[in-house]
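Fold and geometry: a report
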Amino acid sequence: MQEPGIIKKLDEVVVNRIAAGEIIQRPANALKELLENSLDAKSTVIQVTVKSGGLKLLQIQDNGTGIRKEDMGIVCERFTTSKLTTFEDLTSIATFGFRGEALASISHVAHLTIQTKTAKEKCGYKASYEDGKLKAPPKPCAGNQGTIITIEDLFYNMPQRKQALKSPNEEFQRISDVMSKYAIHNAKVGFTLKRYGEQPSVKTAPNSSQQTNIETIYGAAIAKELLPVELKDDVHKFQMKGFITKVNYSSKKGIMLFFINHRLVDLSSLKSAIDSVYSTYLPKGMHPFAYISLEILPSNIDVNVHPTKHEVHFLYEDEIIEKIRQNLESQLLGSNETRTFYKQLKMPGASEPPADNKELDATLKNMSVERINPQNMIRTDTKEQSIYKFLHVDGVKLNDSGCSSSMSLSGSSSSSNAMAAAEESFRDVVKQKSKEVKLSSILNMQRQIENSCSVDIRKMVKELVFVGVVDKQFALFQHETKLYMGDTIKLSEELFYQRLLYEFENHKMINLIPKPLPIKDLIKLALNTPESGWTEEDGDKDELAARASEILIEKSPIMREYFSLTINSNGELESLPSLLPQYMPSKTFLPIYMLRLATEVEWETEEECFETFCRETARYYAMVSEVELRAIPKQHKWNVEHVIYPAFKKYLLPPNRLKKYIYELANLPSLYKVFERC
């Protein structure tokens, strides 16, 4: 019988080397950390020297503020920094470094030497470090103000890591890529990168411009096609500046530089958005050049995601990227007037090419094509045909939008009448606000949503491909090789609840036209329905309606200020919150909604008030009326496909309890196994 292993505390040296391997993954990571330290030190000139791709030697020299002699003893210890004091400082961090791990990590995997001089000291000091500790006291030396950090024999004590790295040339290219990106973003700083004993491969002048540095580093072909872009948004509190190329330029390997709060980051979602904009203009497989610098409120961004700080998380990511995408799209619309097209001309007297080109046929025959198994061939593009392609309603074939092929929702007169009927009592009026949520109760409820979000269900929802509507409650969608049926009403209820909280105090309005509706009359209508649960023991309906309307009039300032639901002093409902663009809640259930606001909302306690109000409102917005569904069936299908499910993909943070409302109907590989047995 085997005995369990003994749990022991790892030696400190082992712990530090493991941590160092997370931060310093290759020479380019070490350079990024050191560059950011130099920029934090207010350097105006930075020079980098490399030998054997940075494995033998990686040296960075700057003219920054330097390091005090008193600090040289602890500068390479873990979690020592001059840029952060408390954890709360992360919400307003304005420097690149804050973890205090970069130099410590380097000293655990390389031979590290630091030479530095501050403005106040008469001479410089030089010291060597090993495993975060000084090897000997700092020695005085001559030198200019600034710091020289020399890294030698990187990964000398981690042979597996060293063997896994690419060739020295490839590692140098990675170093050059990092250096080039920082040189463009920090145009006022002079950057020089060179191989040991050779001429500089990257060199930019101090006090230059970003356009000049782009031309210096990436060439005139990109520089002459640059288009400046800029966007400032007061709603989501961000600014965007940068340069993109016009549609004349394209490259097989696109170049994209992304900075958030001056920190170089990887942002795949923004890259995909930019590629989607250019896909209209560029040939397939071709990409643009883009340099985008974002400035976001520090309190809205989390830079403490990964030790390398390449990855960041920030609030309203989808909304911010969508606004950037729209801005770039509008800029490109006016930039293609100089687009150049080339036509291949045939020499006079030349014959037409032969119909059968044996050489081309032979080439194509020898090409290796990756084979995709049939059970893995799935539809992933929402532009491809959906289930409506194969449906007939009343003898009329429906197109992919769920409408008859002879009309669209905005086309024929019958369609226009349907739309007019659907919007008879509602009109969406844009009322843009810009308020920052400060109530702790709302912030706490938002955190609860984020903490309870299921990663697996969120991935499924974000990547789903809509298939078709089953009925008023269910719809079909595809994810990867599986077909699912989702309970649209239950999913919508959670979506609307979350939109109420995340757009708290910033809701647009749906104004009721042609005139406001008396809430007392609405509540009396509700009391006459079975859904109200009214019995004779409850009392007179008129008295109940009067009391309920008094409650709503009394609480109307709360609903108006926080949720854009307006009830005037005469007891008339004037507006409702707009939770999704182009989405109108049911008129049929408006009376019962007013009744439940008066009777089911806990008005006396702040957090319970907001929770119950949002739940009741979300429940109302998710309801689908049979009467309205019979009157305008195509409108419901259009709403589900083009409003509701895209909103799921964009906004919904699904808790694990929603899993019971998503049903797996088919699994393509499993179906193939069944067919193989037949």
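This write-up is about the structure you can find in this document. This structure is a prediction, so every number in the text was calculated from the model and none was measured.

1. Overview of the overall build of the protein chain
- Along its length, the protein chain carries 22 helices and 27 strands.
- Partitioning the contacts of the protein chain with sequence separation of at least 6, the portion at a separation of at least 24 is 70%.
- In the structure as shown, the protein chain presents an accessible area of about 36,600 Å², 51% of it carried by carbon and sulfur atoms.

2. Details of the pattern of salt bridges
- As enumerated under the stated definition, the model contains 23 salt bridges in all.
- One salt bridge connects Glu 322 with Arg 325, and the closest N-O pair in it is separated by 2.9 Å. On the criterion of helical spacing, the pair formed by Glu 322 and Arg 325 is a turn pair, its members being three residues apart in helix H9 (residues 317-333).
- Judged by its relative accessible area of 22%, Glu 322 falls in the partly exposed class.
- Arg 596 serves as the salt-bridge partner of Glu 616, at 2.7 Å between the closest nitrogen and oxygen. With Glu 616 in helix H19 (residues 606-622) and Arg 596 in helix H18 (residues 590-600), this residue pair connects regions lying 20 residues apart in the sequence.
- Residue Glu 616 is classed as buried on the basis of its relative accessible area, which comes to 11%.
- Look at the salt bridges and you will find they share partners, linking Glu 494, Glu 611, Arg 615 and Arg 657 into a network.

3. A look at the packing of aromatic side chains
- Tallying each qualifying case throughout the model produces 19 aromatic pairs.
- Seen from their ring centres, Phe 474 and Tyr 663 are 6.1 Å apart, and the 65° between their planes marks the pair as edge-to-face. Of this pair, Phe 474 sits in strand S21 (residues 474-479) while Tyr 663 is found in strand S27 (residues 662-667), placing the two residues 189 residues apart along the sequence.
- Taking the relative accessible area as the measure of exposure, Phe 474 reaches 18% and is therefore buried.
- Tyr 663 sits in the partly exposed class, given a relative accessible area of 33%.
- Look at Tyr 562 and Phe 610: their rings are 5.4 Å apart centre to centre, the planes differ by 85°, and that puts the pair in the edge-to-face class. Of this pair, Tyr 562 sits in helix H17 (residues 556-563) while Phe 610 sits in helix H19, placing them 48 residues apart in sequence.
- Across the ring face of Tyr 196, the terminal group of Lys 51 is positioned such that the distance to the ring centre comes to 5.0 Å.
- Stacked on the ring of Phe 172, the Lys or Arg Arg 195 has its end atom at 3.9 Å from the ring centre.

4. Comments concerning the sheet that holds strand S12 (residues 255-260)
- Here we have five strands laid out as an open sheet, ordered S10-S11-S14-S12-S13, and mixed in their pairing. If you trace the sheet from one side to the other, it starts and ends with strand S10 (226-233) and strand S13 (263-264), each paired once.
- In terms of strand pairing, strand S11 (residues 238-245) meets strand S14 (residues 289-296) through seven bridges, oriented antiparallel. Pairing of Gln 239 across the sheet is with Glu 295, part of S14.
- Across the sheet, H9 lies against S10, S11 and S14, angled at about 140° from S10, the strand it touches most.

5. Focus: the pairing of strand S1 (residues 45-51)
- Bridging between S1 and strand S8 (residues 190-195) involves six bridges; their strand directions are parallel. The partner of Val 48 across the bridge, within S8, is Leu 193.
- Hairpin connection of S1 to strand S2 (residues 57-62): five residues between the antiparallel strands, including Ser 52 at a positive phi of 55°.

6. Details of H9
- With 17 residues, H9 should cover 24 Å at 1.5 Å per step; its first-to-last C-alpha distance of 24 Å lies within 8% of that length.
- Those residues of H9 lying buried are Glu 319, Ile 320, Ile 321, Ile 324, Asn 327, Leu 328 and Leu 332.

7. Quick notes on the pairing of strand S4 (residues 124-130)
- Direction of pairing for strand S3 (residues 111-117) relative to S4: antiparallel, over a ladder of five bridges. If you follow Gln 115 over to S4, its bridge partner there is Lys 126.
- Connecting the antiparallel pair S3 and S4 is a turn made up of six residues.
- When S4 meets strand S6 (residues 139-141), the two strands line up antiparallel, connected through three bridges. When the bridges of S6 are listed, Tyr 125 appears paired with Pro 140.
- Examined bridge by bridge, S4 and strand S5 (residues 133-134) share two bridges and lie antiparallel to one another.

8. Points about the sheet that holds S27
- If you walk across this open sheet you meet the four strands as S20-S21-S22-S27, and the pairing is antiparallel. The sheet terminates laterally at strand S20 (465-469) and S27, the two strands that pair on one side only. Sheet twist, expressed as the mean angle between neighbouring strand axes with direction ignored, is 25°.
- In this sheet, S21 lies alongside S20 in antiparallel orientation, the contact comprising four bridges. Paired with Val 465 across the two strands is Gln 478, which belongs to S21.
- Together, S21, strand S22 (482-487) and S27 form the strand contacts of helix H14 (residues 488-502), whose direction differs from that of S22 by roughly 70°.

9. What about the packing of H14 against H19?
- Axis separation between H14 and H19 bottoms out at 8 Å; the angle between their running directions is 135°. Of the possible angle classes, the one that applies to H14 and H19 is oblique. In this structure, H14 crosses over H19, and the sense of that crossing is right-handed. In contact with Ile 489, Ser 492, Glu 493, Glu 494, Phe 496, Tyr 497, Leu 500 and Leu 501 of H14, H19 contributes Glu 611, Cys 614, Arg 615, Thr 617, Ala 618, Arg 619, Tyr 621 and Ala 622.

Rules and cut-offs
- Residues numbered from 1 in each chain as written.
- Predicted model: local features only at pLDDT ≥ 70, side-chain atom pairs only at ≥ 80, totals over all residues.
- Heavy atoms only, no water.
- Helix = DSSP H or I, 4+ residues; strand = E, 2+ residues; numbered from the N terminus.
- Contact = heavy atoms within 4.5 Å.
- Areas by Shrake-Rupley, 256 points an atom, 1.4 Å probe, with all protein chains shown as cover.
- Salt bridge = Lys/Arg side-chain N within 4 Å of Asp/Glu carboxyl O.
- Buried < 20%, exposed > 50% of the residue type's maximum accessible area, 1.4 Å probe, protein only.
- Phe/Tyr/Trp six-rings, centres within 6.5 Å; stacked < 30°, edge-to-face > 60°.
- Lys NZ or Arg CZ within 6 Å of the ring centre and 35° of its normal.
- Pairing = 2+ DSSP bridges.
- Axes fitted to C-alpha atoms, helices over the stretch in contact; angles between N-to-C directions.
- Expected span 1.5 Å × (residues − 1).
- Parallel < 35°, antiparallel > 145°, perpendicular 65-115°, else oblique.
- Left-handed = near helix turned anticlockwise from the far one by under 90°.

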